[in-house]
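Next come the chains, spelled out residue by residue.
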Amino acid sequence: MSTPTRGAGRGVSTLIPQSATDQAMAALTGLETVPVHVGLLQAAALLLEEAARTTADEQAKAAMAKTAGMLRSTM
């Protein structure tokens with residue numbers, strides 16, 4: 001019987017573009033501008049800031065704080 005982690009790993013690898021062309025297209029797609037309501041950005045920043053305050057994992061805390069800061073600067 002396979003473990004859930006092992007099965008999840010195979011599923012995730014299928015989401016990662018394998019060829020250089022597919023990787024380039026994925027990167028370009030990530031650069032597309034899409035409308036986002038500012039309330040969504042505010043809510044995401046608040047949730048990340050709260051999570052950063054309560055986590056004991058310093059690496060996760062730094063990533064959450066940096067992401068929240070980036071969201072705030074976007075607003």
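Structure's up top.
Residues numbered from 1 in each chain as written. Predicted model: local features only at pLDDT ≥ 70, side-chain atom pairs only at ≥ 80, totals over all residues. Heavy atoms only, no water.

Caption draft 1: Inspection of the overall build of the chain at higher detail. Tallying secondary structure elements over the chain gives four helices and zero strands in all. The secondary structure elements of the chain, listed N-terminal to C-terminal, are α-α-α-α. Split by element, the accessible area of the chain, about 6100 Å² in all, is 64% carbon and sulfur. (Helix = DSSP H or I, 4+ residues; strand = E, 2+ residues; numbered from the N terminus. Areas by Shrake-Rupley, 256 points an atom, 1.4 Å probe, with all protein chains shown as cover.)

Caption draft 2: Molecular detail of helix 4 (residues 58–74). In this model helix 4 runs 24 Å from its N-terminal to its C-terminal C-alpha over 17 residues, within 8% of the 24 Å that 1.5 Å per residue would give. Met64, Ala68 and Leu71 are the residues of helix 4 that are buried. Each buried residue of helix 4 sits inside an arc of 60 degrees when the element is viewed along its axis, so together they form one side. In this structure, helix 4 carries Glu58, Gln59, Lys66 and Ser73 as exposed residues pointing more than 90 degrees from its buried face. Buried-residue contacts for helix 4 involve helix 3 (38–54). For helix 4, the N-terminal capping position is held by Asp57, with its side-chain oxygen 3.0 Å away from the main-chain nitrogen of Gln59. (Expected span 1.5 Å × (residues − 1). Buried < 20%, exposed > 50% of the residue type's maximum accessible area, 1.4 Å probe, protein only. Arc of directions from axis to C-beta. Contact = heavy atoms within 4.5 Å. Polar contact = N/O pair within 3.5 Å; in protein donor to acceptor, adjacent residues only side chain to side chain.)

Caption draft 3: Broad picture of the packing of helix 3 against helix 4. Where helix 3 contacts helix 4, the axes come no closer than 8 Å and their chain directions differ by 155 degrees. Classed by the angle they form, the pair helix 3 and helix 4 counts as roughly antiparallel. Judged by the twist between their axes, the crossing of helix 3 over helix 4 is left-handed. The residues of helix 4 that touch helix 3, namely those facing Leu41, Ala44, Ala45, Leu46, Leu48, Glu49, Ala51, Ala52 and Arg53, are Lys61, Met64, Ala65, Thr67, Ala68, Leu71, Arg72 and Thr74. Residues that form the contact of helix 3 with helix 4 fall into these classes: 11 nonpolar, two polar and four charged. (Axes fitted to C-alpha atoms, helices over the stretch in contact; angles between N-to-C directions. Parallel < 35°, antiparallel > 145°, perpendicular 65-115°, else oblique. Left-handed = near helix turned anticlockwise from the far one by under 90°. Nonpolar A, V, L, I, M, F, W, Y, C, P; charged D, E, K, R; others polar.)

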